[in-house]
Amino acid sequence: MLGWILMVGGLLIMMGQRDRCEALFYYFRLEDQIPENHLLRLIDKHVSFEFVRRQLKGSYSDIGRPSVDPELLLRILLIGYLYGITSERKLVEELRMHLAWRWFTGLGFDQEIPHHSTFSKNRHGRFQESKLFEELFSQIVRQCVEVGLVEGKHLSVDGSFVEANAAKESRIPREQLAEAAQVHPAVRQYLREVEEQNPVEEPVHVQDQVSTTDPDSTYATKGGTPARLGYYDNYLVDNKSCVIVGVEGTAARMSQETVAAQDMLTRFTVWQGQGPESVAADTTYGNGDFLQWLADRNITPYMRTRDSIHRKRSPYFGPERFTYQPEHNRYICPAGQVLNYGGRVYRNRAFNYIGTRKKCGPCSLRPQCTSAAFRGLIIHQNEPARQRARELANTPEFAKAQRQRKKVEALFAELKNQIGLRRLRLRRLKFVREQFYLAATVQNLKRLVRFLSSKPVTKLLTA
């Protein structure tokens, strides 16, 4: 330290100057540098990841040189998702300098950090085969249920489009895939799976054009944005705690959203031991099949029905103005006339009921009913479930459920802006799902440890 004394206007000013120098020895403990309320310390305190070794035990040989600890690799991957590090190369570089990250992984300053390629080898190999990330997500959800964080009575479901790691210019006509397979390994693997009809994965949806970079991705759009290649990330969320109790990666098709919702609700019912009382969603989910599926399980649907544009804009009497007589399988119109069963419309999954010229022609209500010679009524095969949803849409409970549903949109905003999954890092559906599981896991971890830190609860062991 050098001291400088300057005379300024008759005043003495002493200015210090520090020279850079390094001591030969330091007394330093990582443990002393991490605050008690630090996120990583709270996770380490309340959650155990020892199950990873048991989950992967069958994937390692009993002989040879010891491998990198799989729990260490998982902890490093979780750090990347917790702090929005989108590159594994950058994650390794940052880990060298970040004290809290080193402490969380258990790596001392004299220990070597695993090479970034180690993550790829394990993720594509042992982790993929054992479904480690899916099991990790399930374990955290079970813990949330066990400690009382998740109420599980009122849920919300929604899906968000996530852009694939592929450009739209990479698409080629499907008939050119065999030729492209000679150049693109991803296409070769894709065609091999299609030919073998891989029983592990559901058949990939058919498209006229397929990306040679990521053949599983879908060229689609959502919310009025320009069409891109991507996937849907589907969330099932507990309204009270904002904990994600279900996550599913699917092709970017609206039809896949209700399929994913059914799968997530089924799994959560098994975890919790009983189904929810209600589910809130947007109009996308308001189709007859899904509404009937919920009705069969006594789940109240807080979502608007997906009615055709013709029905919404029609100036004539809607189906709700007609009275059904199940004993005769017919409808009675507002004027008291009978519309008899006229057959099934298979394309629309509906039943047709028709009047007659004789009865409809002189009817005084005909201008309000139809412009044709007689009235025809198309009734969806699940019309009772649809009508119940319409009636619920006028209740205060519906308005409350729709307000709570906005929490799902907040989680998707966190997914894209904080975790960094505005664009996917990996390709192919099975690896895309891993990213969705990891992202949902860290979102739940934040809420779980915040909840547990306010209660005298010991560390939870994942079984």
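Computed from a predicted model, the values in this text were never measured in an experiment.

Visitor: Can you help me understand the packing of helix α11 (residues 254-272) against helix α12 (residues 288-296) in this one?
Guide: Packed helices, taken two at a time, are described by their axes: the angle between them and the distance between them. With their axes 10 Å apart at the nearest point, α11 and α12 run at an angle of 15 degrees to one another. Classified by the interaxial angle, the pair formed by α11 and α12 is roughly parallel. For the pair α11 and α12, the sense of crossing is left-handed. Contact residues: T258, A261, Q262, L265 and T266 in α11; F290, W293 and L294 in α12. Of the residues that constitute the contact of α11 with α12, the class distribution is five nonpolar, three polar and no charged.

Visitor: I keep staring at the environment of A178 and nothing clicks. Help me out?
Guide: Inspection of the secondary structure puts A178 in helix α9 (residues 177-180). For A178, a relative accessible area of 55% translates into the label exposed. The spatial distance from the C-alpha of A178 to the C-alpha of R188 is 8.0 Å, given a sequence separation of ten residues.

Visitor: Can you walk me through the sheet that holds strand β11 (residues 323-325) in this structure?
Guide: Consider a sheet: its strands pair through backbone hydrogen bonds, and that pairing is either parallel or antiparallel. The sheet built from five strands is open, its strands ordered β11-β12-β13-β14-β15 with antiparallel pairing. Whereas interior strands pair on both sides, the edge strands pair on one side only; in this sheet they are β11 and β15 (376-380). Each strand of the sheet is rotated relative to its neighbour by a mean of 35 degrees, with strand direction disregarded. Relative to strand β12 (residues 330-332), β11 is paired through three bridges, and the arrangement is antiparallel. Residue pairing for β12: Q325 is matched across the bridge by R330.

Visitor: So what exactly am I meant to see when it comes to the pattern of salt bridges here?
Guide: Side chains carrying opposite charge are able to pair once their charged atoms draw close together. Scanning the entire structure with this criterion turns up 18 salt bridges. One salt bridge connects E36 with R41, and the closest N-O pair in it is separated by 4.0 Å. The class of E36 is exposed, set by a relative accessible area of 61%. Of the charged contacts, one joins E163 and R423 as a salt bridge, the two residues approaching to 3.1 Å between their closest N and O atoms. With E163 in strand β3 (residues 154-163) and R423 in the loop between α17 (396-417) and α18 (429-453), this pair connects stretches of sequence that are 260 residues apart.

What counts, and at which threshold
Throughout, a residue's number is its position along its own chain's written sequence, starting from 1. Selection of residues for local features in this predicted model requires a pLDDT of at least 70, selection of side-chain atom pairs for listing and counting requires 80 or more, and totals for whole chains, interfaces and linings are taken over all residues. Heavy atoms from the whole structure form the basis of all side-chain values; hydrogens and water molecules are not counted. Axes, fitted as lines to C-alpha atoms, cover a helix only where it is in contact. Angles between the N-to-C directions of the axes lie from 0 to 180 degrees. A run of H or I in DSSP counts as a helix once it spans at least four residues, and a run of E counts as a strand once it spans at least two, with each numbered from the N terminus. Each angle receives one of four descriptions, namely roughly parallel if under 35 degrees, roughly antiparallel if over 145, roughly perpendicular if within 65 to 115, and oblique otherwise. Note on convention: the crossing is left-handed when the near helix lies turned anticlockwise from the far helix by less than a right angle, right-handed when the turn is clockwise. By definition, residues are in contact when any of their heavy atoms lie within 4.5 Å. Here the term charged refers only to Asp, Glu, Lys and Arg, the term nonpolar to Ala, Val, Leu, Ile, Met, Phe, Trp, Tyr, Cys and Pro, and the term polar to all other amino acids, Gly among them. Each residue gets one of three labels from its accessible area relative to the maximum for its type: buried under 20%, exposed over 50%, partly exposed in between, using a 1.4 Å probe on protein chains only. DSSP-based pairing: two strands are paired if at least 2 bridges between them are found. Salt bridge criterion: a side-chain nitrogen from Lys or Arg within 4 Å of a carboxyl oxygen from Asp or Glu.

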